[in-house]
Amino acid sequence: MISLGTFFTFYSKLPESLRNTIKACIPDKVMGNIYVNYKRTIADSNDCLNLPLEQVRIEVSSLCNLRCKHCASGAQYESTNREIMTPAIFKVLLEQLKEIDTLKDAVLYLGGEPLLNNHLPDFISQLHNETSIIHTRFNTNGMLLKEEISRRLLDTDLGIIQVSIDGNSPEESEQIRIGSNYDTVKNNIYNFIKLAEGYDTTINIANTQIAKSEDELLKGKPEVPLFLINDFKAEMIEPNYAMKWPGQSDQSLIDNGFRSITIDAQKDDCIHPLREMTLRSNGDCVLCCYDITGMMVIDNIQNNTVSNIWNSAEYQKIRKAIMNRDINNLPNICKGCRIFTNEKIIRC
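Let me sum up the structure you'll find in this document. Note that this is a predicted model, so its numbers are computed, not measured. (Residues numbered from 1 in each chain as written. Predicted model: local features only at pLDDT ≥ 70, side-chain atom pairs only at ≥ 80, totals over all residues. Heavy atoms only, no water.)

**Focus on the pattern of salt bridges**
Convention followed: Should a side-chain nitrogen of Lys or Arg be within 4 Å of a carboxyl oxygen of Asp or Glu, the pair is scored as a salt bridge. Working definition: helices are DSSP H or I runs of at least four residues, strands are E runs of at least two. Numbering for both runs from the N terminus. Remark: exposure states derive from per-residue accessible area (1.4 Å probe, protein chains only) relative to the maximum for the residue type, with buried under 20%, exposed over 50%, and partly exposed in between.
Inspection of every chain in the model, using the stated rule, returns 14 salt bridges. Between R275 and E54 there is a salt bridge; the shortest N-O distance is 3.1 Å. Highlighted residues: R275 in helix 13 (residues 272-275) and E54 in the loop between helix 3 (28-42) and strand 1 (55-58), separated in sequence by 221 residues. Since its relative accessible area comes to 14%, R275 is described here as buried. Close ionic contact of D183 with K186 constitutes a salt bridge, the shortest N to O distance being 3.8 Å. In this pair, D183 and K186 are both assigned in helix 9 (residues 182-195), 3 residues apart and thus about one turn of the helix distant. Look at K186 and you get buried, because its relative accessible area is 17%.

**Quick word on the side chain of S150**
Let me state the cut-off plainly: Should any heavy atoms of two residues lie within 4.5 Å, those residues are counted as being in contact.
On the secondary structure map, S150 appears in helix 7 (residues 147-154). A residue is classified by how much of its surface remains accessible, and S150, at 1% relative accessible area, is buried. The contacts of S150, once residues within four sequence positions are left out, are L145, F192 and L195.

**Observations regarding unusual backbone geometry**
Even without a glycine there, the phi angle at N342 is positive, about 55 degrees. Note on placement: N342 falls in the loop between helix 17 (338-341) and strand 13 (343-347).

**Structural notes on the sheet that holds strand 8 (residues 237-241)**
By definition, the strands of a sheet pair up through backbone hydrogen bonds, in either a parallel or an antiparallel sense. Cut-off, in case you're wondering: Strands pair, by our definition, only if DSSP identifies at least two bridges between them. Here the axes come from fitting lines to C-alpha atoms, over the contacting stretch only for helices, and the angles between their N-to-C directions go from 0 to 180 degrees.
As summarised here, the arrangement of the 9 strands in space is 8-7-5-4-3-1-10-11-12, forming an open sheet in which the pairing is mixed. Whereas interior strands pair on both sides, the edge strands pair on one side only; in this sheet they are strand 8 and strand 12 (297-300). Neighbouring strand axes in the sheet, compared pairwise and without regard to direction, differ in orientation by 25 degrees on average. Pairing between strand 1 and strand 10 (residues 276-279): 4 bridges, direction parallel.

**Notes on the nonpolar core**
To keep things clear, this is the line we draw: Within this scheme, the nonpolar core is defined by two criteria: the residues are buried Ala, Val, Leu, Ile, Met, Phe, Trp, Tyr or Cys, and they are joined through side-chain atoms within 4.5 Å.
The biggest cluster of nonpolar side chains holds 80 residues, and the ones touching the most others in it are L153 and I165. Beyond its immediate stretch of four places on either side in the chain, L153 contacts L115, L120, P121, I124, F138, L145, L158 and I161.

**Looking at empty space enclosed by the protein**
Formally: As defined here, a cavity is a set of points on a 1 Å grid over the protein atoms alone where a 1.4 Å probe fits but cannot get out. A pocket is an open set with protein on both sides within 12 Å along at least five of seven lines, and residues line them when an atom is within 4 Å of a point. Grid points are joined across faces, edges and corners, and a volume is the space filled by probe spheres set on the points.
Summed over all chains, the structure comprises 1 cavity of 30 Å³ or more. Empty space within the largest cavity amounts to approximately 70 Å³. P246, C270, P273, L287, C288, Y290, I333, C334, C337, I339 and F340 together form the lining of the largest cavity. At the level of secondary structure, the elements contributing two or more residues to the lining of the largest cavity comprise helix 16 (332-335) and helix 17.

**Concerning the environment of S213**
Within the secondary structure layout, S213 lies in the loop between strand 7 (202-209) and helix 10 (214-218). Owing to a relative accessible area of 28%, S213 belongs among the partly exposed residues under this scheme. For the pair formed by S213 and I261, sequence separation is 48 residues and the distance between their alpha carbons is 9.4 Å.

**Re the packing of helix 6 (residues 120-130) against helix 7**
To keep it simple, the criterion reads: Any angle between 65 and 115 degrees counts as roughly perpendicular, while under 35 counts as roughly parallel, over 145 as roughly antiparallel, and the rest as oblique. Classification used: nonpolar for Ala, Val, Leu, Ile, Met, Phe, Trp, Tyr, Cys and Pro, charged for Asp, Glu, Lys and Arg, polar for all others including Gly.
Where helix 6 contacts helix 7, the axes come no closer than 9 Å and their chain directions differ by 5 degrees. Relative to helix 7, helix 6 is oriented roughly parallel. Seen from helix 6, the contacting residues are L120, P121, D122 and I124; seen from helix 7, they are I149, R152 and L153. Of the residues belonging to the contact of helix 6 with helix 7, the class tally is 5 nonpolar, no polar and 2 charged.

**Let's talk about the packing of aromatic side chains**
Inclusion rule: Each Phe, Tyr or Trp ring (for Trp, its six-membered ring) is paired with any other whose centre lies within 6.5 Å, and the angle between the two planes then decides the class: stacked below 30 degrees, edge-to-face above 60, tilted in between. In this analysis the charged atom, NZ for Lys or CZ for Arg, is taken to sit over a ring once it is within 6 Å of the ring centre and within 35 degrees of the ring normal.
Here the structure, examined in full by the defined rule, presents 5 aromatic pairs. The interplanar angle of 55 degrees and the centroid separation of 5.6 Å between the aromatic rings of Y190 and F232 together place this pair among those described as tilted. Pair noted here: Y190 is in helix 9 and F232 is in the loop between helix 11 (226-231) and strand 8, with a separation of 42 residues, a long-range link. The interplanar angle of 55 degrees and the centroid separation of 5.3 Å between the aromatic rings of W310 and Y315 together place this pair among those described as tilted. With respect to class, W310 is no different from Y315; both count as buried. The cationic tip of R319 hangs over the ring face of W310; the distance from NZ or CZ to the ring centre is 4.3 Å.

**Brief notes about helix 6**
This is how it is decided: The reported arc concerns the directions from the helix axis to the C-beta atoms and nothing else.
Here helix 6 has its buried residues at L120, P121, F123, I124, L127 and H128. The buried residues of helix 6 occupy an angular sector of 165 degrees when projected down its axis, which confines them to one face.

**A few points about the pairing of strand 7**
The buried fraction of strand 7 amounts to 6 of the 8 residues, a majority that puts the element mostly inside the structure. Relative to strand 7, strand 5 (residues 160-164) is paired through 5 bridges, and the arrangement is parallel. Bridge pairing in strand 7 places V163 opposite I205. Alignment of strand 7 against strand 8, held across 5 bridges, turns out to be parallel. Following the sheet pairing, I205 is matched in strand 8 by I237.

This is a description of form; function is not addressed.
Written out as structure tokens, the structure is:
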């Protein structure tokens, strides 16, 4: 039997498409628990400075062209400042990332629409050419994935584009994703696939569904909708049920015809602050990728470096609490996160 360290060392060096294939075979909670236990083997829980930063999540745009009903960003759009990450801010970040040789992954997405930032292809190229990062990806609603930007993206070493198409029909997707048009997104994906022939960049689909009842949620992951199977290859599609985001108000859910419900609530292991730093478009470092509205800002890269922030006392305290399963010493945003609460969204 191989050790956890050997497994994750081997796993981290695989192409992202293959890692995603492996990850798809292992339930998220199992993968998370394995990963946290691996971290416990390489760092004393009383000295979390030894944990390497492996992934950076960069919000290249907090602006969005849609107002998705189930998304904390879309349903509470005015809850945070909205802006594009400028080349000046990105340059500050890039210079700091050059000094971190443990970085392997970059996700250029948080809560907005990355394709609203015309500098996105340039940012991706610079990450590949000037840092140790070898895997890049981002999520998009697909409405702006036109030929010109597609060609520019393919000329980078981008790994994966994930397009969000929700619900169980084109009509439901458009009803949930206000401002989206299914035919436009579908045709943009088709055109991208044609342009991507001969390139290593892949494109897949994230499908979020709103359950109608608790019983439906208890059955596990939803089935891939028939309309997506008819239009795309089934292996491209990853279905999930909608979750309640930290900071997402009950009133915003009710206003959109939803309510939250706790399913099999349990304290579970979280991997995000153990391996990933999340940076907003203005340079703010927030706790993790679930903080899409900046509820907990730890520092800003214009005032401090990525390395110093990662090794800060505040980050260490949170990591110690996670690794010791000490829920009482976690910040409130963690206590209200779906990883610990397992809160999902269902229709009223």
